[in-house]
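# Commentary on secondary and tertiary structure
Listed here are the chains, written in short residue letters.
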Amino acid sequence: MATLRAASERGRSNHGWLDSAHTFSFAHYYDPRHMGFGPLRVINDDRVVPGAGFGAHGHRDMEILSYVLEGALAHQDSLGNGSIIRPGDVQRMSAGTGIQHSEFNPSQTEPVRFLQIWIVPDRTGYPPGYEQKYFDTTEKRGRLRLVASRDGRDGSVSLHQDVDVYATLLDGADAVEFELRGSRLAWIQVARGEVRVNGRPLHEGDGLAVDEPGPLRLDGAEAAEVLLFDMTGSWQAA
């Protein structure tokens, strides 16, 4: 079965400096029908105005991915990491037993837009950690590029959970296919543009939850950037 999570139905919060769309319940947005999907807990589509951002704050026992779509995002944390995340970069922060970090838009003229993704780890108590890798557009154009995985294979960032995250760029005649196996779950998130999944049209910000095995074909795209999550279907919350 495939269930649509329409972009227009997401939760929203606008603080002036931050405009955020919440695929799942987050902060002051609560919807018991949308608390996550499998170990996928948060997908926030965040837009931050120039010179603003999130001050130092803490997290525990969560795998956090940042995926920048436009602009740049500056990161600092209590492990001593400091970096700038740009389109093509994937940042993984394992909050583990506890980490403090800040994120802000270092530009004084350009906004930043990024996806903030939280995945529940397979257990609590991991030491906090950080990783960042760049994936060129040529690696994603017309193909599924693994950008995060449990074992960090194929040059992806590593996660403390049985989740594979793929990124793809599709346009025109481009098409990719994926076979969802056994009791696995899939979530397809359209970061931007438009695409068809098994003939079903999806628009920017839409998500599609798939909970039965079988082929998934992505085609008919218009300037689409898409993330596909292939996840364990048997897990317990940390």
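Residues numbered from 1 in each chain as written. Predicted model: local features only at pLDDT ≥ 70, side-chain atom pairs only at ≥ 80, totals over all residues. Heavy atoms only, no water.

### Considerations on the environment of alanine 221
This is how the line gets drawn: Helix and strand assignments come from DSSP, with helices taken as H or I runs of at least 4 residues and strands as E runs of at least 2, each series counted from the N terminus.
Secondary-structure assignment places alanine 221 in strand 20 (residues 214-231). Each C-alpha atom of the pair alanine 221 and aspartate 46 lies 23 Å from the other, and the pair is 175 residues apart in sequence.

### Re the side chain of histidine 75
This is how the line gets drawn: Whenever two N or O atoms come within 3.5 Å, that pair is a polar contact, provided that in protein one can donate a hydrogen and the other can accept it, and provided that, for residues adjacent in sequence, both atoms are side-chain atoms. Here, two residues are considered to be in contact whenever any of their heavy atoms come within 4.5 Å of each other.
Turning to its location among the elements, histidine 75 is positioned in strand 7 (residues 73-77). Side chain to side chain, histidine 75 and glutamine 91 meet in a polar contact 3.3 Å long. With near-sequence residues (within four places) excluded, histidine 75 lies in contact with Asn81, Gly82, Ser83, Ile85, Gln91, Met93, His101, Ser102 and Tyr130.

### Notes on the sheet that holds strand 9 (residues 89-94)
Heads up, the condition is: One bridge is not enough; two strands pair if DSSP finds at least two bridges between them. For every element, the axis is a line fit to its C-alpha atoms; helices are fit only across the contacting stretch, and the angle between N-to-C directions ranges from 0 to 180 degrees.
Pairing is antiparallel in the open sheet, where seven strands are placed in the order 2-3-4-11-6-9-12. Whereas interior strands pair on both sides, the edge strands pair on one side only; in this sheet they are strand 2 (11-14) and strand 12 (129-134). Averaged over neighbouring strand pairs, the angle between their axes works out to 15° when direction is ignored.

### A short note on the sheet that holds strand 7
Pairing between the strands of a sheet comes from backbone hydrogen bonds, and it takes one of two forms, parallel or antiparallel. Read from one edge of the open sheet, four strands run 5-10-7-8, paired in antiparallel fashion. At either end of the open sheet lies a strand with only one pairing partner, and these are strand 5 (53-59) and strand 8 (82-85). If you compare each strand with its neighbour and ignore which way they point, the axes differ by 20° on average. Relative to strand 8, strand 7 runs antiparallel, the two sharing four bridges.

### A few points about the pattern of salt bridges
This is how it is decided: The salt bridge definition used is simple: a Lys or Arg side-chain nitrogen within 4 Å of an Asp or Glu carboxyl oxygen. Working definition: with a 1.4 Å probe on protein chains only, accessible area under 20% of the residue-type maximum means buried, over 50% means exposed, and in between means partly exposed.
Under the criterion given, the structure shown has 20 salt bridges. Note that aspartate 122 and arginine 150 form a salt bridge whose closest N and O atoms lie 2.5 Å from each other. Here aspartate 122 is found in the loop between strand 11 (112-119) and strand 12, whereas its partner arginine 150 is found in the loop between strand 13 (145-149) and strand 14 (157-158), with 28 residues between them in sequence. We note a salt bridge from lysine 133 to glutamate 131, for which the minimum N-O separation is 3.7 Å. Judged by its relative accessible area of 28%, lysine 133 falls in the partly exposed class. A residue is classified by how much of its surface remains accessible, and glutamate 131, at 17% relative accessible area, is buried. Through salt bridges with shared partners, one network takes in Arg10, Asp45, Arg47, Arg113 and Glu204.

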